Amino acid sequence: MKTDILTTAAALSDHDLLGRLGALAGREREASVELVAHLAALDARPSLSLAHGYGSLHAYCTQALRLSEDAASNRIGAARACRRFPVVLDLLASGELTLTSVRLLGRHLTAENHQAVLEQAKGRTLNGIDLIVARIAPQADAPSLVRKLPTTAPPPLAPATEVTSNPASRQGFMSTTSSPPPPAPRPVVRPTAPERYRVQFTIGESTHEKLRRLQALLRREIPDGDPGAIFDRAVTVLLAQVESKKLGVTARPQPRPPIRRATDSEDIRTPPRRSRYIPSWVKRAVWERDDGQCAFVSAKGRRCTQTEFIEFHHLDAYAKQGPATVENISLRCGPHNRHEAELIFGPHDTSKATDESKVRDEAKVRDEADVRDEASPSPTV
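Reading the values: the criteria
Residues numbered from 1 in each chain as written. Predicted model: local features only at pLDDT ≥ 70, side-chain atom pairs only at ≥ 80, totals over all residues. Heavy atoms only, no water. Helix = DSSP H or I, 4+ residues; strand = E, 2+ residues; numbered from the N terminus. Contact = heavy atoms within 4.5 Å. Areas by Shrake-Rupley, 256 points an atom, 1.4 Å probe, with all protein chains shown as cover. Axes fitted to C-alpha atoms, helices over the stretch in contact; angles between N-to-C directions. Parallel < 35°, antiparallel > 145°, perpendicular 65-115°, else oblique. Nonpolar A, V, L, I, M, F, W, Y, C, P; charged D, E, K, R; others polar. Salt bridge = Lys/Arg side-chain N within 4 Å of Asp/Glu carboxyl O. Buried < 20%, exposed > 50% of the residue type's maximum accessible area, 1.4 Å probe, protein only. Patch = residues over 30% accessible without salt bridge, like charges linked within 9 Å, V, L, I, M, F, W, Y side chains within 5 Å. Left-handed = near helix turned anticlockwise from the far one by under 90°. Arc of directions from axis to C-beta. Phe/Tyr/Trp six-rings, centres within 6.5 Å; stacked < 30°, edge-to-face > 60°. Pairing = 2+ DSSP bridges. Polar contact = N/O pair within 3.5 Å; in protein donor to acceptor, adjacent residues only side chain to side chain.

Enquirer: Can you tell me about the overall build of the protein, naming the residues and giving the values?
Expert: When you go through the protein residue by residue, the secondary structure sums to 14 helices and 6 strands. Put simply, 51% of the contacts in the protein that link residues at least 6 apart link residues at least 24 apart. Accessible area of the protein: about 29,000 Å², with a carbon and sulfur share of 55%.

Enquirer: Explain the packing of helix α2 (residues 14–43) against helix α5 (residues 69–84) to me, and be specific about the residues and the numbers.
Expert: Where α2 contacts α5, the two axes come as close as 8 Å, and the packing angle between them is 70°. If you check the angle between α2 and α5, you find them roughly perpendicular. The segment α2 lies against α5, with Ser-32, Leu-35, Val-36, Leu-39, Ala-40 and Asp-43 engaging Arg-75, Ala-78, Ala-79, Arg-80, Cys-82 and Arg-83. When the residues that make up the contact of α2 with α5 are grouped by side-chain class, the tally is 7 nonpolar, 1 polar and 4 charged.

Enquirer: Before we move on, could you go through the pattern of salt bridges and cite the residues and values that matter?
Expert: Applying the stated criterion across every chain yields a total of 6 salt bridges. Close ionic contact of Lys-122 with Glu-119 constitutes a salt bridge, the shortest N to O distance being 3.0 Å. The partly exposed category is assigned to Lys-122, whose relative accessible area is 30%. Accessibility expressed as a relative area gives 48% for Glu-119, which makes it partly exposed. With a shortest N-O distance of 2.2 Å, Arg-332 and Glu-340 are connected by a salt bridge.

Enquirer: I'd like a description of a nonpolar patch on the surface, backed by residues and values.
Expert: On the surface, Leu-131, Val-189, Tyr-197, Val-199, Phe-201, Ile-203, Phe-231 and Val-235 cluster together to form a nonpolar patch covering roughly 720 Å² of accessible area. For the nonpolar patch, the secondary structure elements donating two or more residues are β4 (196–200) and α11 (227–247). With respect to the helices and strands, the residue Ile-203 is situated in the loop between β4 and α10 (205–217).

Enquirer: Requested: an account of the packing of α2 against helix α4 (residues 57–64), with residues and values cited.
Expert: Packing of α2 against α4 brings their axes to within 11 Å, and their N-to-C directions diverge by 135°. By the angle class used here, α2 and α4 are oblique. Both α2 and α4 take part in a crossing whose hand is right-handed. On the side of α2, the interface is formed by Leu-39, Leu-42 and Asp-43, while α4 contributes Leu-57, Tyr-60 and Cys-61. A breakdown of the residues in the contact of α2 with α4 according to their chemical character gives 5 nonpolar, no polar and 1 charged.

Enquirer: An account of helix α8 (residues 114–121) is needed here, citing residue identities and associated values.
Expert: Considered for burial, the residues of α8 that qualify are His-114, Val-117, Leu-118 and Ala-121. Buried residues of α8, seen end-on, are gathered within an arc of 95° and therefore sit on one face of the element. Buried residues along α8 sit in contact with α6 (87–94), α7 (99–106) and α9 (126–136).

Enquirer: Hey, could you go over the packing of aromatic side chains for me, with residue numbers and the actual values?
Expert: Scanning the entire structure with this criterion turns up 3 aromatic pairs. Centroid distance Tyr-54 to Tyr-60: 5.2 Å. Interplanar angle 90°. Geometry classified as edge-to-face. Measuring from centroid to centroid gives 6.1 Å for Phe-201 and Phe-231, while their planes differ by 40°, and the two rings are tilted. Placement of the pair is Phe-201 in the loop between β4 and α10 and Phe-231 in helix α11, with a sequence separation of 30 residues. The exposure class of Phe-201 is partly exposed, given its relative accessible area of 46%. A residue is classified by how much of its surface remains accessible, and Phe-231, at 39% relative accessible area, is partly exposed.

Enquirer: Summarise the pairing of strand β6 (residues 329–333); cite the residues concerned and give the values.
Expert: Burial of β6 is extensive: 5 of the 5 residues sit out of reach of the surface. Neither face of β6 is left uncovered, since the one carrying Ile-329, Leu-331 and Cys-333 and the one carrying Ser-330 and Arg-332 both have all their residues buried. Here 5 bridges tie strand β5 (residues 310–314) to β6, and the two strands are oriented antiparallel to one another. Across the sheet, the residue bridging to His-314 is Ile-329, located in β6.

Enquirer: Any chance you could break down the pairing of strand β3 (residues 188–193) for me, citing the residues and the numbers?
Expert: Sheet analysis places β3 next to β4, joined by 5 bridges and oriented antiparallel. Paired with Val-189 across the strands is Val-199, a residue of β4. Between β3 and β4, which pair antiparallel and follow one another directly, the connecting turn spans 2 residues, one of which, Glu-195, has a positive phi of 65°.

Enquirer: Report on the environment of Cys-304, specifying residues and quantitative values.
Expert: Inspection of the secondary structure assignment puts Cys-304 in the loop between α12 (280–290) and β5. A residue is classified by how much of its surface remains accessible, and Cys-304, at 12% relative accessible area, is buried. As a C-alpha pair, Cys-304 and Cys-294 span 10 residues in sequence and 5.7 Å in three-dimensional space. Every residue in contact with Cys-304, bar those within four places of it in the chain, is listed here: Gln-293, Cys-294, Phe-296, Cys-333 and His-336.

Enquirer: So, the side chain of His-313: which residues are in play, and what are the values?
Expert: You can see His-313 is positioned in strand β5. Within polar-contact distance, the side chain of His-313 engages the side chain of Asn-337 at 2.9 Å. The residues touching His-313, leaving out its near neighbours within four places in the chain, are Asn-328, Ile-329, Ser-330, Arg-332, Asn-337 and Glu-340.

Given below as structure tokens:
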């Protein structure tokens, strides 16, 4: 039973689990490279798959090898690239390139540029690969376009009938489940040429009306009403507002406060009241120092690469008198912020927090009932 693998993996120690994962990933890369090499050989013999009833190499991969559509496309693209440039196999085996990266780059590789392009692509994310492709094969700017999409009525929720087995009676019964709605298309932000990006998304009626009003008001500054130029202005204004609110960024930053508090009405020997408030100048300095990225560094020296959901973290915990200073504040992503808190205070007991919340709610209900009882007139005997 393959389910026994779950039990075996769950029983491993932390060290053994990470080591096992690394070994399995290495074996998977080796198997993938070997599969790609064999697909390259099969691609050179098209009659072989045709003789077995498969109209294309893609059909052979999806039907005979049971690969998914995406997996087949990636491996076929890599196979055709390595037929022209065998060095691709070494980069795949080392993990410096992924199958998706090779597929995206393969059609743009030539005898003249393949060495330089593959060297630049080592260790790049898909966003980095897109930038390389945009530089090699730049596209013209997408024309500005605002049009109404066709209105499609949602399909009726036709119940999907399925038969499930009742373990008690061993008799099947009919149950109806409604199919989930299809997912909405994801917005597109993709490089098309050096320093040029295509942005595509769908807006609602109210946003479209705001856009039209802006086009009319900005007709002198933007005569053609280009939505891209308006979008740039809007993003610039919004970014300034968000940075001002969250990071204290301002065109006229206040100077750093003096070390001694120069107040006549208060004894300067009295320490200031502790607060979780982080001054704006501290936020600005920390954000600039950590480059807007999670600054968690593992024991082996690896720094977290997250730049989203960033929080200001007390190195010496606030609960342990940690001050809100530049030296004691650092950027953390949400998971690493919680991780370091658990290292200090122990795992968070969600069941206990839930019980405490229930107790508070019940106490609140009782208090409100007591207030209502006191406010109501006493019954006449």
